[in-house]
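Coordinate analysis (summary)
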Amino acid sequence: QVQLEESGGGLVQAGGSLRLSCAASGIISGINLIMGWYRQAPGKQRELVAQLTSGGSTGYADSVKGRFTISRDNAKNTLYLQMNSLKSEDTAVYFCNVRAFKFPSMDYWGKGTLVTVSS
């Protein structure tokens, strides 16, 4: 069974930095995967923040370009989101997601980690 566990959230002042981690277990190698970080703020829809494919391609929401960086450590089976120059509007629950291109049943989510940016 695939399981994802986020960590690294917490309270930080505006302008500060935070690094989120997503530890994965049960992931099968040899298939094309899309890994991503999503966030959901109070009263808003869940949105894609950053995306990384197994081939190394990345994508970012316009609101975080230049401030956030998605990466992974294959040896540790861990996905990261480095967040710099944090703003109050970045406050949200952040979720890790891993899915396969070809298999709809392979779509996994973590429980989320709360990031609160104070003014």
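Quick caveat, the model's predicted, so the values are computed rather than measured. (Residues numbered from 1 in each chain as written. Predicted model: local features only at pLDDT ≥ 70, side-chain atom pairs only at ≥ 80, totals over all residues. Heavy atoms only, no water.)

Examining the sheet that holds strand S1 (residues 3–7)
The strand order S1-S3-S8-S7 describes an open sheet built from 4 strands, whose pairing is antiparallel. Looking at which strands have only one partner, the edges of the open sheet turn out to be S1 and strand S7 (68–73). Put simply, the sheet's adjacent strands are angled 15° from each other on average, direction ignored. With 6 bridges joining them, strand S3 (residues 18–25) and strand S8 (residues 78–83) adopt antiparallel strand pairing. Each bridged residue has a counterpart across the sheet, and for leucine 20 the counterpart in S8 is leucine 81. (Pairing = 2+ DSSP bridges. Helix = DSSP H or I, 4+ residues; strand = E, 2+ residues; numbered from the N terminus. Axes fitted to C-alpha atoms, helices over the stretch in contact; angles between N-to-C directions.)

A short note on the pattern of salt bridges
Tallying each qualifying case throughout the model produces 4 salt bridges. For glutamate 47, the salt bridge is made with arginine 39, and the minimal N-O distance between the two is 2.8 Å. Judged by relative accessible area, glutamate 47 falls into the partly exposed class, the value being 35%. Given a relative accessible area of 6%, arginine 39 falls into the buried group. Ionic pairing is found between aspartate 90 and arginine 67, a salt bridge with its closest N-O pair at 2.8 Å. Taken together, the positions of aspartate 90 in the loop between S8 and strand S9 (92–100) and arginine 67 in the loop between strand S6 (58–60) and S7 put the pair 23 residues apart, joining distant regions of the chain. Residue classification places aspartate 90 among the buried residues on the basis of a relative accessible area of 0%. According to the relative accessible area criterion, arginine 67 is buried, its value standing at 11%. Connected via shared salt-bridge partners are Arg39, Glu47, Arg67 and Asp90. (Salt bridge = Lys/Arg side-chain N within 4 Å of Asp/Glu carboxyl O. Buried < 20%, exposed > 50% of the residue type's maximum accessible area, 1.4 Å probe, protein only.)

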